[in-house]
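Overview (structure and organization)
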Amino acid sequence: MAEKMTEKPPTATNPAKPPSQDGYVRLQQVTKTFDKFVAVDSVDLKIKKGEIFGLLGSSGCGKSTLLHMLAGFEEPTEGKIFIDGVDMTGIPPYLRPVNMMFQSYALFPHMTVEQNVAFGLKQDKLPKDEVSKRVEKMLNMVHMEAYAKRKPHQLSGGQRQRVALARSLAKQPKLLLLDEPMGALDKKLREQMQLEVVSILESVGVTCLMVTHDQEEAMTMTSRIGIMHKGRILQIGEPKEVYETPNSRFTAEFIGSVNMFEGIIVEDEPEYVMINCKSLENPIFIDHGVTSELGMQVWVAVRPEKISLSKEPPEVKTNSAKGVVKDIAYLGSHSIYHVGLPNGKLVIANVYNIDRANKLEITWNDEVYVSWEPASAVVLIV
Amino acid sequence: MRRQLPLALPSGRIILISIPFLWFVFFLFIPFAIVFKISFSEIATAIPPYTKLLSTINDTIQLTLSLGNYIFLFTDSLYATAYLNSIKIAFFSTLLCLLIGYPMAYAIARTESPTRNLLLMLVVLPSWTSFLIRVYAWIGILKNNGLLNNLLLSLGIINEPLQLLHTNFSVYLGIVYAYLPFMILPLYANLVKLDYSLLDAASDLGARPWKSFLTITLPLSLAGIISGSMLVFIPVVGEFVIPDLLGGPDTLMIGKVLWQEFFNNRDWPVASAVAVIMLLLLIVPILLFNRHQNKQLQG
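Not measured: the values here are computed from a predicted model.

Criteria and cut-off values
All residue numbers here refer to positions counted from 1 along the written sequence of the relevant chain. For this description, chains carry letters from A and ligands carry numbers from 1, given in the order in which they are written. Selection of residues for local features in this predicted model requires a pLDDT of at least 70, selection of side-chain atom pairs for listing and counting requires 80 or more, and totals for whole chains, interfaces and linings are taken over all residues. Per the convention used, a helix needs a DSSP run of H or I reaching at least four residues, while a strand needs a run of E reaching at least two, with both numbered from the N terminus. Here a residue counts as buried when 20 or more other C-beta atoms fall within 10 Å of its C-beta, as exposed when 12 or fewer do, and as partly exposed in between; the C-beta atoms come from the backbone. Our radius of gyration is a C-alpha quantity, and the globule rule it is checked against amounts to 2.2 Å times the number of residues to the power 0.38. The contact criterion used is a C-beta to C-beta distance within 7 Å, with each C-beta placed from the backbone. pLDDT measures the predictor's confidence residue by residue and takes values from 0 up to 100. What marks off one domain from the next here is an automatic or database domain assignment. Only Asp, Glu, Lys and Arg are considered charged, only Ala, Val, Leu, Ile, Met, Phe, Trp, Tyr, Cys and Pro nonpolar, and every remaining residue, Gly among them, polar. In this usage, the nonpolar core is the set of buried Ala, Val, Leu, Ile, Met, Phe, Trp, Tyr and Cys residues whose C-beta atoms join them within 7 Å. Following DSSP output, two strands are said to pair if at least two bridges run between them. Every angle, taken between N-to-C directions, lies between 0 and 180 degrees, and every axis is a line fitted to C-alpha atoms, over only the stretch in contact when it is a helix. If an angle is under 35 degrees, it is roughly parallel; if it is over 145, roughly antiparallel; if it lies from 65 to 115, roughly perpendicular; otherwise it is oblique. Crossing handedness: left-handed means the near helix sits turned counterclockwise from the far one by under a right angle, and right-handed means the same turn made clockwise.

**Re the overall build of chain A**
Across its full length, chain A holds 10 helices and 20 strands. With the C-alpha coordinates of chain A rotated into their principal frame, the extents come out at 75 × 50 × 35 Å. Looking at the 382 residues of chain A, the share that counts as buried comes to 38%.

**A look at the overall build of chain B**
From N to C terminus, chain B includes 14 helices and 2 strands. Against the compact-globule benchmark of 19 Å for 299 residues, chain B has a radius of gyration of 25 Å, which places it well outside the compact range. When its C-alpha atoms are laid out on the principal axes, chain B stretches across 85 × 80 × 35 Å. Looking at chain B as a whole, 28% of its 299 residues qualify as buried. For chain B, long-range pairs separated by at least 24 residues make up 69% of all intrachain contacts whose partners lie at least 6 apart in sequence.

**Structural notes on the confidence of the model for chain A**
Predicted confidence across chain A gives a mean pLDDT of 89, with 93% of residues reaching 70 or more. For the stretch residues 1–20 of chain A, pLDDT sits under 50, and the model shows 16 contacts to residues farther than four places along the chain or on other chains.

**Description of the environment of Gly323 of chain A**
Residues and elements named next belong to chain A. When you line up the elements, Gly323 lands in strand 16 (residues 320–330). For Gly323 and Asn343, which are 20 residues apart along the polypeptide, the C-alpha to C-alpha distance reads 9.4 Å. Among all residues touching Gly323, those that are not within four sequence positions of it are Val339, Gly340, Leu341, Val347, Val368 and Val370.

**Some details on the domain arrangement of chain A**
Accessible area lost on assembly of the parts is the figure often given for the size of an interface. Residues and elements named next belong to chain A. Parsing chain A into structural domains produces domain 1 (18–249) and domain 2 (257–380). Put simply, the middle of domain 1 and the middle of domain 2, counted by C-alpha atoms, are 39 Å apart. In this assembly, 4 residues from domain 1 lie in contact with 5 residues from domain 2. Classifying every residue of the side of domain 1 that touches domain 2 gives 1 nonpolar, 2 polar and 1 charged.

**Looking at the nonpolar core**
Grouped together as the largest cluster of nonpolar side chains are 77 residues, with contacts concentrated most on Leu70, Val117, Ala166, Leu177, Cys208 and Leu209 of chain A. Residue contacts for Val117 of chain A: discarding those within four places in its chain leaves Val135, Met138, Leu139, Val163, Ala166, Arg167 and Ala170 of chain A. If you look at the next biggest cluster of nonpolar residues, it comprises 46 residues, including Tyr50, Ile108, Leu142 and Val270 of chain B.

**Concerning the interface of chain B and chain A**
Across the boundary between the two partners, chain B contributes 15 residues, which contact 17 residues of chain A. Every element with two or more residues in the side of chain B that touches chain A is listed here: helix 9 (197–204) and helix 10 (209–220) of chain B. Considering each element in turn, the side of chain B that touches chain A owes the most residues, 6 residues, to helix 9 of chain B.

**A word on the sheet that holds strand 9 (residues 224–229) of chain A**
Residue and element names in this part refer to chain A. The 6 strands lie next to each other as 6-7-8-3-9-10, forming an open sheet whose pairing is mixed. With one partner strand each, in any of the chains shown, strand 6 (98–101) and strand 10 (232–237) form the two edges of the open sheet. Across the sheet, the axes of successive neighbouring strands diverge by a mean angle of 20°, strand direction being ignored. For strand 3 (residues 52–56) and strand 8 (residues 207–212), the ladder comprises 5 bridges, and the chain directions are parallel. Bridge pairing links Leu56 to Thr212 in strand 8.

**A word on the sheet that holds strand 5 (residues 86–87) of chain A**
Residues and elements named next belong to chain A. Taken together, the 4 strands give an open sheet; going across it, the order is 2-1-4-5, and neighbouring strands pair in antiparallel fashion. Both edges of this open sheet fall to strand 2 (37–47) and strand 5, since each of them pairs with a single strand only. Pairing analysis gives 7 bridges linking strand 1 (residues 25–34) to strand 2, with the strands arranged antiparallel. From the neighbouring strand, Lys32 faces strand 2, where its bridge partner is Val40.

**Focus: the pairing of strand 9 of chain A**
Counting buried positions along strand 9 of chain A yields 5 of 6 residues, so the element is predominantly enclosed. From the end of strand 9 of chain A to the start of strand 10 of chain A, which pair antiparallel, there are 2 residues, and Lys230 of chain A there has a positive phi angle of about 50°.

**Details of the packing of helix 9 of chain B against helix 10 of chain B**
Residue and element names in this part refer to chain B. Packing of helix 9 against helix 10 leaves a shortest axis separation of 10 Å and a crossing angle of 140°. The angle between helix 9 and helix 10 falls in the class oblique. Our pair here, helix 9 against helix 10, has a crossing hand that is right-handed. Of helix 10, the residues touching helix 9 (which contributes Leu198, Leu199, Ala202 and Ser203) are Ser212, Thr215, Ile216 and Thr217.

**Describing the pairing of strand 1 (residues 54–57) of chain B**
Residues and elements named next belong to chain B. In this sheet, strand 2 (residues 60–63) lies alongside strand 1 in antiparallel orientation, the contact comprising 4 bridges. Residue Thr56 lies in a different strand from strand 2, and its bridge partner there is Ile61. Connecting strand 1 to the antiparallel partner strand 2 that follows it, the hairpin turn spans 2 residues, and Asn58 within it adopts a positive phi of roughly 50°.

**Notes on the confidence of the model for chain B**
Taken over all residues, the pLDDT of chain B has a mean of 90, while the share at 70 or more is 95%. Prediction confidence for the complex, expressed as pTM and ipTM, is 0.81 and 0.82 respectively.

**A look at unusual backbone geometry**
Of all residues except glycine, most have a negative phi; of all peptide bonds, most are trans. A cis geometry characterises the amide bond from Ile47 of chain B onward to Pro48 of chain B, with omega recorded as -10°. Structurally, Pro48 of chain B can be placed in the loop between helix 2 (12–38) and strand 1. Within the chain, Lys125 of chain A stands out as a residue other than glycine whose phi angle is a positive 55°. For Lys125 of chain A, the location among the structural elements is in the loop between helix 3 (113–123) and helix 4 (128–141). Residue classification places Lys125 of chain A among the exposed positions, given that 8 C-beta atoms sit within 10 Å.

**Focus on the environment of Leu126 of chain A**
All names here are of chain A. Positionally, Leu126 belongs in the loop between helix 3 and helix 4. Under the C-beta neighbour-count criterion, Leu126 is labelled partly exposed, with 16 such atoms within 10 Å. Aside from chain neighbours lying at most four places away, what touches Leu126 is Leu121 and Val131.

**Here's the deal with the packing of helix 6 (residues 131–142) of chain B against helix 8 (residues 168–191) of chain B**
Residues and elements named next belong to chain B. Where helix 6 contacts helix 8, the two axes come as close as 11 Å, and the packing angle between them is 140°. Regarding the angle of helix 6 to helix 8, the classification is oblique. Where helix 6 crosses over helix 8, the two elements pack in a sense that is right-handed. For the pair helix 6 and helix 8, the contacting residues are Phe131, Arg134, Val135, Trp138 and Leu142 in the first and Ser170, Leu173, Gly174 and Ala178 in the second.

**Quick word on the environment of Ile275 of chain A**
Summarising the element assignment, Ile275 of chain A is placed in strand 12 (residues 273–277). As for Ile275 of chain A and Thr318 of chain A, which are separated by 43 residues in sequence, their C-alpha atoms are 9.8 Å apart.

Right, dumping it as structure tokens:
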């Protein structure tokens, strides 16, 4: 505590280091423990200036705690947070260049839309006409100028979100935090708002950290995502990268659905690998080398949309299996087939309905072959 | 057929509503009507000690309304002083209760459940013993050779006993002590519902803790402040026991005057007039309170 007191708070006379592109917001070995529970476990993270970064994880993974530490509601037990080069240690939330859009929006119920948006600006003791100019600009940006005099309870969910966004952007924060931004909206509105919020954020050019448990939301709205589990960030990358080349079973299973085959490497060559799986009759062929050794236990992940179904046996024996259609879920754009293999393993395959019309109709209890391209599978070691 | 049945039998809803309604009629409206009636009669040596409003003279029924009691209340400055003094004491003790009760209610609302229940019980616990006994206990503490004076004397802080009892100080002390729970409970009920993410939001937007309190917590707990203040202010205006037991000869409160008129002077008509005026005075804050509540409901 005494140490903290002696540290100088960042001021104009204590200028920040030159902004580095990839570390505008930088988390350095940030750990947070509550009693003995480790909520956030030595997280390192760099967010670029102007980027929308998404932290994706199930509830209790520590993503909210991380968000609260950035906002200043919680102090890290260990590690440091830098925003634009300034160490945030010991700086209370009301002095941080960070604003947050709360999951519940946390709009002040006794204030009008206008007063809500003006609240942060008034705290900075800005002159009155400057405040009203900024409020007007913000409300125009979110198309809420007609509702300036309304109270929050007179607004719909989507309108409240716009106000919350305007309020959190009004102070032009260096970092905007979005806590489950679409969590309080219904599905239809969510899809519309996702794109609208992103276009607003991009037009403002604010650096953004968003936490969500909704992968679709994370993938639509962000430029990079981090998968968080049990207080650690398991993988960071562009949504496509994380989806196509997950680095662990957890990530593969967390993002989208996946067919996972457990097996042992039986042929290990620089340009290909063969894997024998208990659940599959035929071996899996991977058309590239894997940093592994013979006899090593691995997992092979294949996305359902990469699996094709046919009534004829495929020409190549590898990467295929024979099974029976157990279940079909018709989802409009595509159908999900559950194919039971003789040993009981279920393989999930997505069939796009554009194909289905041309093909022989595959239906319940049909015998089918599932197969996939060698490049479609991902070998996972952990 | 099914629609006619509810007409024949009183529905549960009507029974439920009629209970507080009948309570109001029998224990408030009728007694007040009686008091109101007596206030227009004149004192008489009879049982009951006042003249009848209706009398039969020469086979005609005559209604005699005397406004003399009300005129008397306005001519004798004792009553005006007593009313004003009661309102003054009620106002300041409400303020004191609010200043003491608000932090307590806030602290209770922000503690976690097991401790919170214990704290709430400690607030209510004193009411489990008789109100009279608790006020009497203060006499034992405050009197010249009472606990407090003896303690201060033995510690050498004072050389001779302080006159604590039978002063305005002891009246305020007794009132604040007795009515504090009535302030804390509605405030607590209000503050416990406060969405604390609003305070986080205020802090996030740059408001220092004190500013957050003034701009968010305080306005949002206004309903609790008003109902707590009403629950203290209204009964304190008519308070009789505390000024009688703890107050001095110069503690003039309308409750005490009322008692003296009824039981010492046996002037029921004047006493009734005093009571009617007191009620009229209290109607003003009650109406204000109601208006605020309606506004809250309408949002």
